[in-house]
Structure formats: C-alpha cells, structure tokens
Amino acid sequence: MKLTDKIKYAVFDLDGTLFDSMWLWKKIDYDYLAKRGVQVPDDYMKCINHMSVIDTALYSIERFNLKDTPEQLISEWLEMAKQAYCEQILLKPYALEFLQMLKQKDIHMSVATSLSLELALPALKRNGILEFFDNVVNSEQVKRGKGFPDIYLKAISHTQFEPSECVVFEDILQGVKGAKAGGFYVVGVYDKESEQDHNQMKEIANMFINNFGDLM
C-alpha cells in the first residue's frame, strides 16, 4: 500500500523539505559572522537548524560574544533573506507534483516551519503552493523548538486526527526526533546540508526519501 493511500493528513517542513533553501541560510550565517571576524565552527549549522529565529539569535550572541542585540541580529538576517525568499527560493524536485497529488486525493495539509512567516508566506505564494495548506505554523507560536513535538501538534490542532494518522515530512534530525516523539508517522527527506545525519534519520523515521518523486 502506498503512503498516500493510508495517511489522512500531512504536515510539511519548509527549509530543506519543500524549499531548496538551506544553502541560503548557511550563506547568510557565514556572511553575517564573517563581517564580525568570526570563523564559523563546523558544528554551528547543526546546532541551530532546529531553533526558532529568536533562539538562534540568542545562541549566536552568547556563543560568539557578539555585541548585537537579538533584535539587531534578526533584523540584519531578515534583510539579507527577504530578497531571496521573495525572488529566488525554489521548490525541491517533485514537491509541487506531490502536493498536487495529495490535493487530488483530498488529503489536507499544513506547514510546520522554523522560518519566519514574513519569509515563508511570500515564498509559498510565489511558488504557487500557499493555497494547498490549511494553515502555516512556525516555531514562534509554540514554546519549544523542533526537537519536541509541539509545532507538529499545533499544526494539526484544528483537525480531529490523531498524530498516528498524520505524516510529517522533515529534512533535519531534530525535526524527525520531535515528530516521532509526538507519535506521528515520519518521513525523512534528503537534503545535502543535513547529509551527516541521514543514517540517524533513517533509523528513527518510518521512511526516508531522496525526493518526493519516490512517493509518486
């Protein structure tokens, strides 16, 4: 039986899952820290990729002893990201076709992302997929980040479905762990930026795909 024949609701992460965008955040972080004379440690991206924007700002300020306030840091990040999300960021292979297939099967969907809605909504609209989703939830709307199930539970809170009836698509290890802890059926999605965690993701997730074409 195909996955799409047994799931009742789908929850999607954005960066690295639907959007080919993880490269952008790495570039922004590197450029931002380079301006301040900071060489980015190898583990930095892994440490922040499940955090909300404010948590990432606080973590970065503390770790690198930055003089910026969280508000200043976030403002600079957002300015660097706005143009890319409004004009450049594209969908990953077969993402559009997969969403269209779910809609045809009358499977409803939500977004659960750490991305600011100021960036997420324009990119969803420009790529023609905003209309597919019942709601768009981000990490600022819950108390804990993606290492916990909070955001995924929030994404389905308007439905009558149990987590076990819903599938979560995630490209990062912390997201896979958080969704699994919430009792969801979890599909790990390949992204180059999280390649070092793929073996662990495969052990935890119910399924792992190279791209959404694997499910069609």
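The present account deals with the structure reproduced in this document.

Cut-offs applied
- Residues numbered from 1 in each chain as written.
- Predicted model: local features only at pLDDT ≥ 70, side-chain atom pairs only at ≥ 80, totals over all residues.
- Heavy atoms only, no water.
- Helix = DSSP H or I, 4+ residues; strand = E, 2+ residues; numbered from the N terminus.
- Rg over C-alpha atoms; globule rule 2.2 N^0.38 Å.
- Buried < 20%, exposed > 50% of the residue type's maximum accessible area, 1.4 Å probe, protein only.
- Pairing = 2+ DSSP bridges.
- Right-handed = clockwise from strand over helix to strand, strands pointing away.
- Contact = heavy atoms within 4.5 Å.
- Core = buried A, V, L, I, M, F, W, Y, C linked by side-chain atoms within 4.5 Å.
- Axes fitted to C-alpha atoms, helices over the stretch in contact; angles between N-to-C directions.
- Phe/Tyr/Trp six-rings, centres within 6.5 Å; stacked < 30°, edge-to-face > 60°.
- Lys NZ or Arg CZ within 6 Å of the ring centre and 35° of its normal.

**Examining the overall build of the protein**
Consideration 1: When you go through the protein residue by residue, the secondary structure sums to ten helices and eight strands.
Consideration 2: In terms of C-alpha radius of gyration, the protein reaches 17 Å, essentially the compact-globule figure of 17 Å for 216 residues.
Consideration 3: For the protein, the spread of C-alpha atoms along the principal axes amounts to about 55 × 35 × 30 Å.
Consideration 4: Counting over 216 residues, the protein shows a buried share of 53%.

**Things to note about the pairing of strand β7 (residues 185-189)**
Consideration 1: In terms of burial, β7 is largely enclosed, as five of its five residues are buried.
Consideration 2: Here β7 shows two buried faces, one formed by Tyr185, Val187 and Val189 and the other by Val186 and Gly188.
Consideration 3: Sheet analysis places strand β6 (residues 166-170) next to β7, joined by four bridges and oriented parallel. Residue valine 168 lies in a different strand from β7, and its bridge partner there is valine 186.
Consideration 4: Regarding topology, helix α9 (residues 173-181) serves as the crossover connection from β6 to the parallel β7, and that connection is right-handed.

**What about the pairing of β6?**
Consideration 1: Across the five residues of β6, five count as buried, placing the element largely inside the fold.
Consideration 2: Going residue by residue along β6, you find Cys166, Val168 and Glu170 tucked away on one face and Val167 and Phe169 tucked away on the opposite face as well.
Consideration 3: In terms of strand pairing, strand β1 (residues 9-12) meets β6 through four bridges, oriented parallel. In the sheet register, phenylalanine 12 faces β6, and the bridge partner there is phenylalanine 169.

**Some thoughts on the environment of glutamate 193**
Consideration 1: On the secondary structure map, glutamate 193 appears in the loop between β7 and α10 (198-204).
Consideration 2: Along the sequence, glutamate 193 and lysine 125 sit 68 residues apart, while their C-alpha atoms lie 25 Å from each other.
Consideration 3: When sequence neighbours within four positions are dropped, the list of residues in contact with glutamate 193 reads Met22, Trp23 and Lys26.

**Focus: the nonpolar core**
Consideration 1: Counting residues in each nonpolar core, the largest one holds 57 residues, and the members touching the most others are Phe12, Phe19, Tyr85, Phe133 and Phe169.
Consideration 2: At seven residues, helix α5 (residues 70-87) tops the list of elements feeding residues into this core.
Consideration 3: Ile151, Ala155, Val168 and Ala179 belong to the second largest nonpolar core, which has 18 residues in total.

**With respect to the sheet that holds β1**
Consideration 1: Spatially, the six strands line up as an open sheet ordered β5-β4-β1-β6-β7-β8, and their pairing is parallel. Taken across any chain shown, the strands that pair with only one partner, and hence form the sheet edges, are β5 (133-138) and β8 (207-209). This sheet shows a mean twist of 20 degrees between the axes of neighbouring strands, independent of strand direction.
Consideration 2: Packing of helix α6 (residues 95-104) onto the sheet brings it into contact with β1, β4 (108-113), β5 and β6, and relative to β1 it is tilted by some 155 degrees.
Consideration 3: Strands β6 and β7 of the sheet are contacted by α9, whose axis makes an angle of about 170 degrees with β7.

**Brief notes about the packing of aromatic side chains**
Consideration 1: One pass over the structure, following the stated rule, counts 14 aromatic pairs.
Consideration 2: Arranged with centres 6.1 Å apart and planes meeting at 45 degrees, the rings of tyrosine 9 and phenylalanine 161 form a pair that is tilted. Of this pair, tyrosine 9 sits in strand β1 while phenylalanine 161 is found in the loop between α8 (150-155) and β6, placing the two residues 152 residues apart along the sequence.
Consideration 3: Ring plane angle 10 degrees and centroid distance 4.6 Å describe the contact between phenylalanine 12 and phenylalanine 169, whose orientation is recorded as stacked. Here phenylalanine 12 is found in strand β1, whereas its partner phenylalanine 169 is found in strand β6, with 157 residues between them in sequence.
Consideration 4: Just above the ring of phenylalanine 208 sits the side chain of lysine 202; from NZ or CZ to the centre is 5.2 Å.

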